[in-house]
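# Secondary and tertiary structure notes
Each chain, letter by letter, is given below.
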Amino acid sequence: MRLTTAQALVKFLANQYSERDGVEQRLIPGTWGIFGHGNVAGLGQALLQYHQEMPYYLARNEQGQVHAAAAFAKMRNRLQTFACTASTGPGSTNMITGAALATTNRLPVLLLPSDMFATRAPDPVLQQLEDTRGGDVTVNDAFRPVSRYFDRITRPEQLIPAALAAMRVLTDPVETGAVTLCLPQDVQAEAYDWPEEFFRRRVWHVDRPVPAPEAVRRAVDLLRDAEKPLIVAGGGVVYSEAEHELRAFAEATGIPVADTHAGKGAVPWDHPCSVGGLGSTGTTAANALAAEADVVLGIGTRYSDFTTASHTVFGNPAVRFVNLNVARLDAAKHSAEMVLADARRGITALHEGLAGWQVDAAYRDRVRSLADEWQRTVDACFTAGHQPLPAQTEILGALNKALGDRDVVINAAGSMPGDLQMLWRARDPKAYNVEYAYSCMGYEIAAGVGTKLAAPDREVVVLVGDGSYLMMAQELVTMVSEGLKVIVVVVQNHGFASIGSLSESLGSQRFGTSYRYRSQDSGLLEGDVLPVDLAANAESLGATVLRTSTVDEFTEAIARAKANSTTTVVHVETDLHGPNPPGSAWWDVPVSEVSELDSTRKAHENYAAHKRRQRHYL
């Protein structure tokens, strides 16, 4: 079959399927792209030719299209994703941040950056990097460290093994992440006689690895001896669709369940065993139990430093870990007893092994008491009555109350992830999409596009601060052009609330964290507030905009936005300085050891005191 390399790739991708539990679906149901020199005549032509087999979506920023693909994959439990194509040079390197986000979060995305001429006939071509160390170096080599698989197709026939390898990695729960196939622009347009078997319908089976009986026995022995066990539920529970098994296991044993951002909703917030978020921005309930826990059962978690409060939250000197994970990398962390398995299969095996065993009644009562006490704190944060501007926590409370159990909230960076992990009441494992592995400013609105495409039957609400909005708001245009009903809540506080607070706690006096004119007296950015109108900006991009200034107005606007059938932005201004939910753990951010500033010297004393509690779990 004589086709160009680009045509062959599109035709190949249109025939790839994933399967788990007997359900087959298109692995790559569409392609995102922004065309320029390098892909307009190659992949652009191929996508036009095969537009009925491979739908095309136009993004407004190359980074944004990768975020949309990652959010789509997250919503589809990593069984589907998009391909993303970009032009040569800056168009392609714009995707690198998105690639890092996808790989850090273990989310599959297929990246097709255009590359320089394989023949090198017109070197140096427009946007080409000339490197004295070698003629084969291009800017696309920057994708290597952030990709789980990387290849450069310099001859058409190389596509056959490379494309098959790409599909293998995309569908491997252990290895998945960004997969990058660099495509020189001349090779994209080059014809080749392809074997027809290359284009046959292929099904990539995503199996559920079962745990070794010996590993289950060792884990069960540890858990049976525990007096104060704690479960840490991570994203692996959600991707495995093991939430029902986890709830049944927790109910039978009485082991409390703390969650990470990726695991929130696997156990409903009001479940008797739920104690909420764990770690640096965790609840007082979860962190108190973690401090006492003698055995920690981590399920599908990678134990980020926020989850462990930089290795300080698990305070029991004799604490032991059991890690159930499909990836050995994560299962081995903290010197744990490893149970290598799919989360659903592993939980079932542990449940059977612990049949008839449960924690004592006093521990159950303590868990419930701590959880109830925290919920009273949440109620107080949601109804703070702060003046003259509402607190951010009040806006979150009003939004949480207005949304249904299946409605999705999206966020990634700033002060909101911390507030959300502590306060958000989730009952559905897909209702909470906070990207906190890479915590990438600019993810939010683009992720709203991908999430809505993945779940058109759900209400999708994007929470974005003014800082992230100014980083990347242009995918609002994509929402409008695709006719997607998404609610975007823009929280305007004229600065970086999270980093401002962190800066103050570290003795740096909120330096460089407010959106202000430069003062003519001090030379610092501490003059009047800038006259930035984000609501007007969103309106200019085609969204319906509702301006609010109080919690009551915000509540009414959310009701109106839910009734709308088009993209709606709800704008609200909050107090940059809080008040914030009470913290109960630490995060390791080093403070200057020497300084002329009293604030920094005092902060370093506090840092040194916390640092003494930090340890490896050996």
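In short, a report on the structure. (Residues numbered from 1 in each chain as written. Predicted model: local features only at pLDDT ≥ 70, side-chain atom pairs only at ≥ 80, totals over all residues. Heavy atoms only, no water.)

Scanning the chain from N- to C-terminus turns up 23 helices and 23 strands. For 618 residues, the compact-globule formula gives about 25 Å, and the C-alpha radius of gyration of the chain, at 25 Å, lands near that figure. A principal-axis box enclosing the C-alpha atoms of the chain has dimensions of 75 × 70 × 55 Å. For the chain, the share of sequence-separated contacts (at least 6 apart) that also reach a separation of at least 24 residues comes to 75%. Surface accessibility of the chain: about 24,200 Å² in total, with carbon and sulfur atoms responsible for 51%. Charge centroids of the chain, computed over 56 positive and 71 negative side chains, lie 4 Å from each other. (Helix = DSSP H or I, 4+ residues; strand = E, 2+ residues; numbered from the N terminus. Rg over C-alpha atoms; globule rule 2.2 N^0.38 Å. Contact = heavy atoms within 4.5 Å. Areas by Shrake-Rupley, 256 points an atom, 1.4 Å probe, with all protein chains shown as cover. Lys, Arg positive; Asp, Glu negative; His and termini not counted. Charge placed at Lys NZ, Arg CZ, Asp CG, Glu CD.)

What follows covers the nonpolar core. In terms of nonpolar packing, the biggest core is built from 85 residues, with Leu246, Ile299, Phe314, Leu463 and Phe554 touching the most fellow members. The dominant element in this core, judged by the number of residues it contributes, is helix H14 (residues 361-382), at seven residues. Setting aside residues no more than four positions away along its own chain, Phe314 makes contact with Leu230, Val232, Leu278, Ala290, Val296, Tyr303, Thr308, Val319, Phe321, Arg615 and Tyr617. Core analysis: the second largest hydrophobic core is formed by 57 residues, Phe72, Cys182, Tyr239 and Val569 among them. (Core = buried A, V, L, I, M, F, W, Y, C linked by side-chain atoms within 4.5 Å. Buried < 20%, exposed > 50% of the residue type's maximum accessible area, 1.4 Å probe, protein only.)

In this structure, Val409 sits in strand S18 (residues 408-411). Taking the C-alpha atoms as reference points, Val409 and Ile487, 78 residues apart in sequence, are found 9.5 Å from one another. Discounting chain neighbours no more than four positions away, the residues touching Val409 are Trp424, Ala431, Tyr432, Asn433, Val461 and Leu463.

In the sheet, strand S22 (residues 544-548) pairs with strand S23 (residues 568-573) via five bridges, with the strands oriented parallel. The residue bridging Val545 from the neighbouring strand is Val569, located in S23. Following the backbone out of S22, through helix H22 (residues 551-563) and into the adjacent parallel S23, one traces a crossover that is right-handed. (Pairing = 2+ DSSP bridges. Right-handed = clockwise from strand over helix to strand, strands pointing away.)

Right, let's get into the sheet that holds S18. Overall, parallel pairing links the six strands, which are arranged S19-S18-S20-S21-S23-S22 in an open sheet. With partners counted over all chains shown, the strands left at the sheet margins are strand S19 (432-434) and S22, one partner each. With direction set aside, neighbouring strand axes in the sheet form an average angle of 20°. The strands touched by helix H16 (residues 416-423) within the sheet are S18, S19, strand S20 (460-465) and strand S21 (487-492), with S19 carrying the most contacts at an inclination of about 150°. (Axes fitted to C-alpha atoms, helices over the stretch in contact; angles between N-to-C directions.)

An α-helix turns once per 3.6 residues; consequently, residues spaced three or four apart project the same way. Between its terminal C-alpha atoms H14 stretches 32 Å, which fits the 32 Å expected from 22 residues at 1.5 Å a residue. If you check which residues of H14 are buried, you get Tyr363, Val367, Leu370, Ala371, Trp374, Gln375, Val378, Cys381 and Phe382. Viewed end-on, H14 has its buried residues packed into an arc of 140°, placing them on one side of the element. Looking at H14, the residues exposed on the side facing more than 90 degrees away from the buried face are Ala361, Ala362, Asp365 and Arg376. Those residues of H14 that are buried lie in contact with strand S12 (229-233), strand S14 (274-277), helix H11 (284-292), helix H15 (392-402) and H16. By the N-cap criterion, in which a side-chain oxygen at the helix start approaches the backbone nitrogen of a residue two or three places on, H14 is capped by Asp360, the distance to Ala362 being 3.2 Å. (Expected span 1.5 Å × (residues − 1). Arc of directions from axis to C-beta. Polar contact = N/O pair within 3.5 Å; in protein donor to acceptor, adjacent residues only side chain to side chain.)

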